Amino acid sequence: MIKPGRPRLRRRPHGRWSPALLSPVLLTAVIASLAFATPPSVAISRLLPAAPALAAAMWPVLPTVLLGTLCLLLMIGLGLEFPDLGTAYTSAGIVAVTVAAAYGSHVRLQREQTLFQVRLVADAAQQVVLSPMPRSYGAVEIEALYVAAAAEARIGGDFYEVATTPYGLRMLIGDVRGKGLPAVGSAAAVVNSFREAAYSEPGLDGIARRLEASSTRYGAVFGSDEALESFVTSLLVEIPGGGGRLSVLNCGHPPPLLLSDGELRSLDSATPSPLLSLAELMGDQYCVDTFDFAAGDLLLLFTDGVTETRDRDGRFFPLTDWMRRQPPAGPRELLDALHRDLLRYSGGRLDDDIAALAVRLA
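Position numbers for residues start from 1 in each chain and track the written sequence from start to end. Owing to the predicted nature of the model, reporting of local features is limited to residues with pLDDT of at least 70; listing and counting of side-chain atom pairs is limited to 80 or more, with chain, interface and lining totals taken over all residues. Hydrogens are left out, water is left out, and the side-chain values use all remaining heavy atoms of the structure.

### Considering the overall build of the protein chain
- From N to C terminus, the protein chain includes eleven helices and eleven strands.
- Think of it in three bands: residues with accessible area under 20% of the maximum for their type are buried, residues over 50% are exposed, and the middle band is partly exposed, with areas taken using a 1.4 Å probe on protein chains only. In the protein chain, buried positions account for 46% of the 362 residues.
- Long-range contacts, defined as pairs at least 24 residues apart, comprise 70% of the intrachain contacts of the protein chain with a sequence gap of at least 6. Here a strand is any run of E in DSSP of at least two residues, a helix any run of H or I of at least four, and the numbering for each starts at the N terminus. We call two residues in contact whenever any of their non-hydrogen atoms come within 4.5 Å of each other.

Set out below in structure tokens:
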């Protein structure tokens with residue numbers, strides 16, 4: 001289940017007593033049964049070292065050693081039953097594999113502990129960039145979807161933020177060029193700047209200039225070459241408390257989609273505004289467009305990870321056609337359907353971060 005405004009967390013694929021975790025025991029039982037039931041010339045018992053080797057991939061150290069000991073005792077019993085089985089060589093192999101498996105299990109557990117600590121840090125970073133947001137503002141309902149392309153990363157270069165201010169509901173969604181920690185840091189710089197500017201700047205153009213300054217300062221720490229190549233697409237939206245209209249300032253971001261009375265409209269800007277960190281090259285003229293926003297209208301803000309999701313044939317996800325086919329629904333239902341259909345369309349593999357905001361005037 002996707003939590004509002006938070007990344008989707010993945011559960012462990014296997015339960016505590018799943019067949020996968022019991023497979024080393026099942027393998028031991030099968031090999032031992034075949035070894036007792038077949039002639040000594042078949043030498044099925046030589047496969048016993050495979051059981052502790054398999055256990056090392058999923059069990060702690062002590063159970064792995066105990067299984068290796070069990071395999072050794074079974075081999076000794078087979079040797080008593082079949083004297084010409086070559087018990088000494090197979091027993092030595094079991095001991096050697098068990099020692100190696102125990103060490104491998106120890107190393108795996110250490111790495112899992114390190115990964116757990118990294119996830120804790122990633123969760124803390126997620127709380128910094130994607131803090132809890134308001135679910136409503138007056139008659140406006142709002143929900144969010146965020147899915148990182150790297151499942152274990154929890155967070156990527158896409159970002160969003162929502163603020164209830166004296167000027168109305170203000171929203172930000174954007175995408176940082178690149179991935180990894182630099183992208184997360186750049187996203188955090190823009191989001192933190194928005195959180196301050198949204199309450200103090202009377203116009204969206206003033207907010208955009210504040211975001212531009214923060215993004216440029218952050219990009220400068222990576223050196224002149226990388227700073228020139230770094231940029232951020234962003235979209236600012238403002239909805240007054242009573243609704244009726246909305247203002248949009250688009251800095252190179254995919255335009256939002258507005259579904260009104262069954263008609264779908266792309267809210268394209270009349271004059272493009274510069275991408276963040278590129279105002280020195282493109283100019284600092286920011287254009288704010290105003291559109292009608294009536295009761296029942298549904299607004300979708302999204303990053304390019306949605307429209308650039310591909311199927312097996314390399315075709316992009318047809319977002320506009322998908323939106324036209326959607327039945328009347330609330331923001332949460334719309335985003336749940338979007339996430340489900342994106343996974344189905346891509347075959348369960350999303351190659352880019354995805355962020356989306358759905359807004360409805362009740």
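### Re the environment of Leu319
- Here Leu319 lies in helix α10 (residues 319-324).
- The spacing of Leu319 and Thr307 is twelve residues in sequence and 6.1 Å in space, taken between C-alpha atoms.
- When sequence neighbours within four positions are dropped, the list of residues in contact with Leu319 reads Leu257, Leu300, Phe302, Val306, Thr307 and Leu338.

### Description of the packing of aromatic side chains
- For Phe, Tyr and Trp, where Trp contributes only its six-membered ring, two rings pair if their centres lie within 6.5 Å, and the inter-plane angle classes them as stacked under 30 degrees, edge-to-face over 60, or tilted in between. Per the stated rule, a full pass over the model turns up three aromatic pairs.
- An angle of 50° between the planes, with centres 6.4 Å apart, marks the rings of Tyr146 and Tyr160 as tilted. Highlighted residues: Tyr146 in strand β2 (residues 140-147) and Tyr160 in strand β3 (residues 158-165), separated in sequence by 14 residues. Per residue, the accessibility class of Tyr146 equals that of Tyr160, and both read buried.
- On the basis of an interplanar angle of 80° and a centroid distance of 5.3 Å, the ring pair of Phe317 and Tyr345 is categorised as edge-to-face. Remark: Tyr345 occurs in helix α11 (residues 331-345) and Phe317 occurs in the loop between α9 (304-307) and α10; sequence separation between them is 28 residues.
- Grouping aromatic residues by their ring pairs yields a cluster made of Phe317, Trp322 and Tyr345.

### Remarks on the nonpolar core
- If you look at the biggest cluster of nonpolar residues, it comprises 27 residues, and the most contacted ones within it are Tyr160, Met171, Ile239 and Leu299.
- Of all elements in the fold, only β2, β3, β4 (168-176), β5 (232-239), β6 (244-251), β9 (289-293), β10 (298-302) and β11 (354-361) reach the threshold of two or more residues within this core.
- In contact with Ile239, not counting residues within four places along its chain, are Tyr137, Val140, Gly168, Leu169, Met171, Arg245, Leu246, Phe293 and Val359. Here, the term nonpolar core denotes a set of buried Ala, Val, Leu, Ile, Met, Phe, Trp, Tyr and Cys residues that are joined through side-chain atoms within 4.5 Å.

### Examining the sheet that holds strand β7 (residues 257-260)
- One open sheet accounts for six strands, arranged β1-β2-β11-β10-β7-β8; its pairing is antiparallel. This sheet does not close on itself; its edge strands, each paired only once, are β1 (136-137) and β8 (263-266).
- Any two strands with at least two DSSP bridges between them are considered paired. Looking at chain direction, β1 and β2 are connected through two bridges and run antiparallel. Paired with Ser136 across the bridge in β2 is Glu141.

### Let's talk about the sheet that holds β5
- The strand order β3-β4-β5-β6-β9 describes an open sheet built from five strands, whose pairing is antiparallel. This sheet does not close on itself; its edge strands, each paired only once, are β3 and β9. Here the strands of the sheet are splayed against their neighbours by 20° on average, with no regard to which way each runs.
- Contacts from helix α6 (residues 204-220) reach β4, β5 and β6, with the element oriented near 155° to β5. Angular values range over 0 to 180 degrees, each being the angle between N-to-C directions of two axes fitted as lines to C-alpha atoms, with helices fitted over their stretch in contact.

### Re unusual backbone geometry
- Phi at Ala43 takes a positive value of approximately 55°, unusual for a residue other than glycine.
- Turning to its location among the elements, Ala43 is positioned in the loop between α1 (19-37) and α2 (50-55).
- Notably, Asp261 is not glycine yet its phi reads approximately 55°, a positive angle.
- One can find Asp261 in the loop between β7 and β8.
- In this structure Asp261 comes out as exposed when scored by relative accessible area, which is 76%.

### Here we look at the pairing of β11
- Where burial is concerned, most of β11 is hidden: seven out of the eight residues are buried.
- Two strands pair when backbone bridges link them, and β2 and β11 are joined in this way by eight bridges, in the antiparallel orientation. The residue of β11 that forms the bridge with Leu145 is Ala356.
- Where β10 meets β11, five bridges bridge the pair, whose relative direction is antiparallel. Looking at β11, one finds that Leu298 is bridged to Arg360.

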